[in-house]
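An overview of the molecular structure
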Amino acid sequence: MKQIAVFGYNRLSFEAISRLDKEFYRIVVIDHDPVKVALARENGFETANIDFRSDDDLRLAGIGGHIDTLFCFFDTDSENVFLTLSARALDPSLNIIAIVDSPESAEKLLAAGANKIIDPYEICGRKIHDMLKRPDITEIFDHTVFGRHDLHLAEVAIPDNSFLENMHVSQLELRSQYNLLLIGIVNKKVSDRLHFVGEEIDRRLNVGDILVILGPSREIRAFKKDVENEYCKI
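Residues numbered from 1 in each chain as written. Predicted model: local features only at pLDDT ≥ 70, side-chain atom pairs only at ≥ 80, totals over all residues. Heavy atoms only, no water.

Helices and strands together make up the secondary structure of the protein chain, namely nine helices and 10 strands. Within the protein chain, buried positions represent 44% of all 234 residues. Expressed as a percentage of contacts within the protein chain between residues at least 6 apart in sequence, the contacts between residues at least 24 apart total 63%. Within the structure as shown, the protein chain displays about 12600 Å² of accessible surface, and the carbon and sulfur contribution to it stands at 53%. (Helix = DSSP H or I, 4+ residues; strand = E, 2+ residues; numbered from the N terminus. Buried < 20%, exposed > 50% of the residue type's maximum accessible area, 1.4 Å probe, protein only. Contact = heavy atoms within 4.5 Å. Areas by Shrake-Rupley, 256 points an atom, 1.4 Å probe, with all protein chains shown as cover.)

This is how it looks when you write it as structure tokens:
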């Protein structure tokens, strides 16, 4: 089970972690504001109230220890840059994902050590563009996202001898077979960047690729089981 620390509790972080399946991730919400910590606890999250400016407090929270992934979701870019710098110094291998409010701060966060940057305005723009460009996206969202409340994001790595190897993305029948939506693909041989399905041409899947999918927990588990079964076919 992956260990995730989410620094900063607000609407964006709530939406992000609510989509993570707690069966696959252990999540702790951390903030220096006691009111936000109490609110996160009321919403059912494991919480901690620490000073992110203190390296000792960061170590107590698991940075440099058991935490695998850090989400920087503070309201200001300056706080996220400071946290990224401190966390990277404590753990060179930590996966750091930071949200950016101002586009000018993206380079600062990357220089500070962030692995990935989330720009909510860019994402919204891409979604609108894709929905205009691909009308079927609207139908899929109506059928899945707006019709279900138990949706989660999950990563599924393609193992050796998987039936998915050498299959084209267009051949995946996730919607009809599993009621799942493919959000994007990470080609680990090239980079850790997530390529959204609407960004590129129909690509061939390879061993090691990571599929980022959205759907109910039960269907995600069924798909993961089939992916690991080399004899299964969609």
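There's more to say after this.
For the rest of this paragraph, the subject is helix H2 (residues 34-42). The distance from a side-chain oxygen at the start of H2 to the backbone nitrogen of Val35 is 2.9 Å, and the residue carrying that oxygen is Asp33. Note on H2: the residue one or two positions beyond its end, Gly44, has a positive phi of about 95°. (Polar contact = N/O pair within 3.5 Å; in protein donor to acceptor, adjacent residues only side chain to side chain.)

Let us look at the side chain of Asn10. Mapped onto the fold, Asn10 is located in the loop between strand E1 (2-7) and helix H1 (11-18). Judged by its relative accessible area of 19%, Asn10 falls in the buried class. From its side chain, Asn10 meets the backbone nitrogen of Leu12 in a polar contact 3.2 Å long. Dropping the residues within four chain positions of it, Asn10 is found in contact with Phe73, Phe74 and Asp75.

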